[in-house]
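So you can see what is in the structure, the chains are spelled out below.
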Amino acid sequence: LVLLASGADDEQDLRLRHETVPIVQLERALPGLPAALVLAGPDAGGYAATRHLIDLGHRDIACVSGPADLPRTRERVGGFMRAMAEAGLALTPDRFVHDEFTSAGGHAAFTRLLARPRRPTAVFVTSDLMALGGLCAAGSASVRVPAQLSVVGFDDIAAARYALPPLTTVAPPKHDMAWLAIELLADRIRGGHAPLRHTALASTLVVRASTAPPQ
């Protein structure tokens, strides 16, 4: 079984602990499940996205992310926080806006963010789906991207390159992760007894038209 878990999986977690089939997990480890794990670097993508905004000259940077209790949120936000701390930039609570990992959630989060008296000049969004909703909200608020607001997403979904403007995003090495997962799984099926490995592969920042230096 190749397992790609998301959200709260308590019931699934308990069921899988009693399975005897070989399991390789992708992207997220269920606690206590004896299985190999293949993932993109836990916080490296968030770090690279935020570092890109800082290198462009942005200092007032916000983070829009999914529910705070999800592992995916904590990992990606962790990279954002690390880059901000290294640059000596404040990490006050108003830097963070949480909502659902959906386009509707992104739209709602950006609507709240852009209604503030002082808007950020850039936003790191921990999901492309949220970022697409955010671009729509920015348009509705007459905020021009990237002239008035730079936006970086995460996941490099197919729609990211067709957004208006095309979305700068972090691209996990999905093909390489899947290939490695199948190799590890095939080894377990053949009876391999190597120690269960947790392997992190590097993501890539894909720069498109949604980011620019601040005005």
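One structure accompanies this document, and this report is about it.

Analysis parameters
- Residues numbered from 1 in each chain as written.
- Predicted model: local features only at pLDDT ≥ 70, side-chain atom pairs only at ≥ 80, totals over all residues.
- Heavy atoms only, no water.
- Helix = DSSP H or I, 4+ residues; strand = E, 2+ residues; numbered from the N terminus.
- Rg over C-alpha atoms; globule rule 2.2 N^0.38 Å.
- Buried < 20%, exposed > 50% of the residue type's maximum accessible area, 1.4 Å probe, protein only.
- Contact = heavy atoms within 4.5 Å.
- Areas by Shrake-Rupley, 256 points an atom, 1.4 Å probe, with all protein chains shown as cover.
- Axes fitted to C-alpha atoms, helices over the stretch in contact; angles between N-to-C directions.
- Parallel < 35°, antiparallel > 145°, perpendicular 65-115°, else oblique.
- Left-handed = near helix turned anticlockwise from the far one by under 90°.
- Nonpolar A, V, L, I, M, F, W, Y, C, P; charged D, E, K, R; others polar.
- Pairing = 2+ DSSP bridges.
- Phe/Tyr/Trp six-rings, centres within 6.5 Å; stacked < 30°, edge-to-face > 60°.

**Re the overall build of the protein chain**
Then comes step 1: Secondary structure assignment for the protein chain yields six helices and 10 strands.
Then comes step 2: Expected size for 215 residues packed as a compact globule is a radius of gyration near 17 Å; at 18 Å, the protein chain falls within 12% of this value.
Then comes step 3: For the protein chain, the spread of C-alpha atoms along the principal axes amounts to about 60 × 35 × 30 Å.
Then comes step 4: Within the protein chain, the fraction of its 215 residues that count as buried is 48%.
Then comes step 5: Put simply, of all contacts in the protein chain between residues at least 6 apart along the chain, 70% involve residues at least 24 apart.
Then comes step 6: Looking at the protein chain as shown, the accessible area adds up to about 10500 Å², and 58% of this sits on carbon and sulfur atoms.

**A closer look at the packing of helix α2 (residues 44–56) against helix α3 (residues 71–86)**
Then comes step 1: Between α2 and α3, whose axes approach to 6 Å, the crossing angle comes to 40 degrees. Judged on the interaxial angle alone, α3 and α2 are oblique. Taken as a pair, α2 and α3 cross one another with a handedness that is right-handed. Residue-level inspection shows A44, G46, Y47, T50, R51 and I54 of α2 in contact with α3, the latter providing R76, G79, F80, R82, A83, M84 and E86.
Then comes step 2: Tallied by class, residues from the contact of α2 with α3 come to six nonpolar, three polar and four charged.

**Examining the sheet that holds strand β10 (residues 204–206)**
Each strand in a sheet pairs with its neighbour through backbone hydrogen bonds, running either in the same direction (parallel) or in the opposite one (antiparallel).
Then comes step 1: With mixed pairing, the six strands of this open sheet are ordered in space as β5-β4-β6-β7-β8-β10. The strands lining the two open edges of the sheet, one partner per strand, are β5 (96–98) and β10. Looking at each pair of strands side by side, their axes are set apart by 20 degrees on average, direction ignored.
Then comes step 2: In this sheet, β5 lies alongside strand β4 (residues 61–65) in parallel orientation, the contact comprising three bridges. In the strand pairing of β5, C63 is matched with F96.

**Re the sheet that holds strand β2 (residues 24–26)**
Then comes step 1: Spatial strand order, β1-β2-β3-β9: four strands in an open sheet with parallel pairing. One side of each edge strand has no neighbouring strand; the edge strands of this open sheet are β1 (2–4) and β9 (198–201). Averaged over neighbouring strand pairs, the angle between their axes works out to 20 degrees when direction is ignored.
Then comes step 2: Note that β1 and β2 share three bridges and pair parallel. Within the sheet, the bridge partner assigned to L3 lies in β2 and is Q25.
Then comes step 3: This element, helix α6 (residues 174–189), spans β1, β2, β3 (36–40) and β9 of the sheet and lies at about 170 degrees to β3.

**Re the packing of aromatic side chains**
Then comes step 1: Counted under the stated rule, the structure contains three aromatic pairs.
Then comes step 2: Taking the centre distance of 6.3 Å and the plane angle of 20 degrees together, the rings of F80 and F124 count as stacked. Of the two residues, F80 is situated in helix α3 and F124 in strand β6 (residues 122–125); the sequence distance between them amounts to 44 residues.
Then comes step 3: Given a relative accessible area of 0%, F80 falls into the buried group.

**Thoughts on the packing of helix α4 (residues 103–114) against helix α5 (residues 128–140)**
Then comes step 1: As a packed pair, α4 and α5 sit with axes 6 Å apart at the nearest point and diverge in direction by 45 degrees. On the basis of the axis angle, α4 is oblique to α5. The chirality of how α4 crosses α5 is right-handed. Contacts between α4 and α5 involve S103, G105, G106, H107, F110, T111 and L114 on the former and, on the latter, L129, M130, L132, G133, G134, C136, A137, A138 and S140.

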